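The lines below spell out each chain.
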Amino acid sequence: MNAADTLPTQRLFAGLSLCYATPDSNTGTVLDELLPASRGIDTELSQHVEAMLVSLSNESLEDLQVDHARLFVGPFSLLAHPFGSVYMEEGNLLMGESTVAVQALYRDAGLDMSGDFKNPPDHIMAELEFYAYLLNQEREAQGRDDANSASRFKEIRRRFFADHLGRWGAEFASKVISNATTPFYAELGKLTKVILEKESLLTD
């Protein structure tokens, strides 16, 4: 995959991360920026983004916020836990060994968690954003003919997908699809599942 090929995928993962934030007045802008990135990859992805835009215009912000809380926040049981350790640790533990391991990968790539981010390092938003970051670093290194850095970030990206995001992301997306009460989140789950499945074929 050359530098130009990774740009739509990078933008898609970055936008996808933002879609899992609490919906607000900026959600439409996020989708408007996500749409051309999805079109740059294939029609199936863009159809899900278009459906999310339709849903956003048809549903109240309050309904979306309620569905978001039901799925990802609580205060009672979560219908689609957004933490990798729940899917990867015996007993569905939070903050398990896999959480520590993913944070170590962030540090290997030169990053640390922002103090403003109040969730564990294996939250779906953090992992999607990290994947976008790795794609960006790899692309920039290719652009300046820095083969060593490009190879390093590609290896971290492959390891991260194989050991973390690619292991639990599709199961998480399936729970979003099956438990969402709004078309917006059902389509977001489908978009997430499809892009992870496509990326899995590229990173095998």
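Residues numbered from 1 in each chain as written. Predicted model: local features only at pLDDT ≥ 70, side-chain atom pairs only at ≥ 80, totals over all residues. Heavy atoms only, no water.

Visitor: Honestly, the overall build of the chain in this entry has me stumped. Any pointers?
Guide: Looking only at helices and strands, one finds nine helices and zero strands in the chain. For the chain, the α and β elements follow one another from N to C terminus as α-α-α-α-α-α-α-α-α. For 204 residues, the compact-globule estimate of 2.2 N^0.38 gives 17 Å, and the chain sits close to it at 16 Å. Principal axes of the C-alpha set define a box for the chain whose edges measure 50 × 40 × 30 Å. Counting over 204 residues, the chain shows a buried share of 47%. The contacts in the chain between residues at least 6 apart in sequence include a share of 66% that link residues at least 24 apart. With an accessible surface of roughly 9900 Å², the chain has 49% of that area assigned to carbon and sulfur atoms. Charged side chains of the chain number 17 positive and 31 negative; the gap between the two group centres comes to 4 Å. (Helix = DSSP H or I, 4+ residues; strand = E, 2+ residues; numbered from the N terminus. Rg over C-alpha atoms; globule rule 2.2 N^0.38 Å. Buried < 20%, exposed > 50% of the residue type's maximum accessible area, 1.4 Å probe, protein only. Contact = heavy atoms within 4.5 Å. Areas by Shrake-Rupley, 256 points an atom, 1.4 Å probe, with all protein chains shown as cover. Lys, Arg positive; Asp, Glu negative; His and termini not counted. Charge placed at Lys NZ, Arg CZ, Asp CG, Glu CD.)

Visitor: Where do I start with the packing of helix H7 (residues 124-143) against helix H8 (residues 147-179) in this structure?
Guide: Packed helices, taken two at a time, are described by the angle their axes make and the gap between the axes. Orientation of H7 relative to H8, taken along the N-to-C sense of each, is 155°, at an axis distance of 9 Å. Compared by their axis directions, H7 and H8 come out roughly antiparallel. Handedness of the H7/H8 crossing: left-handed. In this structure, H7 uses Ile 124, Glu 127, Leu 128, Phe 130, Tyr 131, Tyr 133, Leu 134, Leu 135, Gln 137, Glu 138, Ala 141 and Gln 142 to contact H8, whose residues at the interface are Ser 149, Ala 150, Phe 153, Lys 154, Ile 156, Arg 157, Phe 160, Phe 161, His 164, Leu 165, Trp 168 and Phe 172. Of the residues in the contact of H7 with H8, the class split is 16 nonpolar, four polar and four charged. (Axes fitted to C-alpha atoms, helices over the stretch in contact; angles between N-to-C directions. Parallel < 35°, antiparallel > 145°, perpendicular 65-115°, else oblique. Left-handed = near helix turned anticlockwise from the far one by under 90°. Nonpolar A, V, L, I, M, F, W, Y, C, P; charged D, E, K, R; others polar.)

Visitor: Can you walk me through the pattern of salt bridges in this structure?
Guide: When the charged atoms of two side chains with opposite charge come close together, those side chains can pair. Scanning the model with the defined rule gives eight salt bridges in all. Residues Arg 39 and Glu 50 are paired through a salt bridge, measuring 3.2 Å at the closest nitrogen-oxygen approach. Of this pair, Arg 39 sits in helix H2 (residues 27-39) while Glu 50 is found in helix H3 (residues 43-58), placing the two residues 11 residues apart along the sequence. What makes Glu 50 partly exposed here is its relative accessible area of 31%. Two residues, Glu 44 and Lys 198, come together in a salt bridge whose shortest N-O distance is 3.9 Å. Pair noted here: Glu 44 is in helix H3 and Lys 198 is in helix H9 (residues 183-203), with a separation of 154 residues, a long-range link. Classification of Glu 44 by relative accessible area gives partly exposed; the value is 37%. (Salt bridge = Lys/Arg side-chain N within 4 Å of Asp/Glu carboxyl O.)

Visitor: Even after reading the chapter, I still don't get unusual backbone geometry, so can you show me in this structure?
Guide: Most peptide bonds take the trans form, and the phi angle of most residues other than glycine is negative. Positive phi values are uncommon outside glycine, yet Asp 145 reaches one of about 60°. With respect to the helices, strands and loops of the structure, Asp 145 is situated in the loop between H7 and H8. Using a relative accessible area of 71% as the deciding quantity, one classes Asp 145 as exposed.

Visitor: How should I be thinking about the confidence of the model for the chain in this particular structure?
Guide: The predicted coordinates ought not to be read in detail in places where the model reports low pLDDT. Residues with a pLDDT of 70 or more make up 92% of the chain, whose mean pLDDT is 90. Here helix H1 (residues 3-19) is the element of the chain with the lowest mean pLDDT, 85, and helix H4 (residues 61-73) is the one with the highest, 96. (pLDDT = per-residue confidence, 0-100.)

Visitor: Hey, could you run me through the packing of aromatic side chains in this one?
Guide: Any aromatic ring pair is given by two values, namely how distant the centres are and how the planes are angled relative to each other. One pass over the full model with this rule turns up 14 aromatic pairs. Among the aromatic side chains, those forming a connected cluster through ring pairs are Phe 13, Tyr 106, Phe 130, Tyr 131, Tyr 133, Phe 153, Phe 160 and Phe 161. One residue, Arg 152, lies across the ring of Phe 153, its end atom 5.0 Å from the ring centre. (Phe/Tyr/Trp six-rings, centres within 6.5 Å; stacked < 30°, edge-to-face > 60°. Lys NZ or Arg CZ within 6 Å of the ring centre and 35° of its normal.)

Visitor: Any chance you could explain the side chain of Ser 46 here in plain terms?
Guide: Mapped onto the elements of the fold, Ser 46 is located in helix H3. A residue is classified by how much of its surface remains accessible, and Ser 46, at 5% relative accessible area, is buried. If near-sequence neighbours (up to four positions away) are discounted, Ser 46 is found in contact with Leu 35, Ser 38 and Arg 39.

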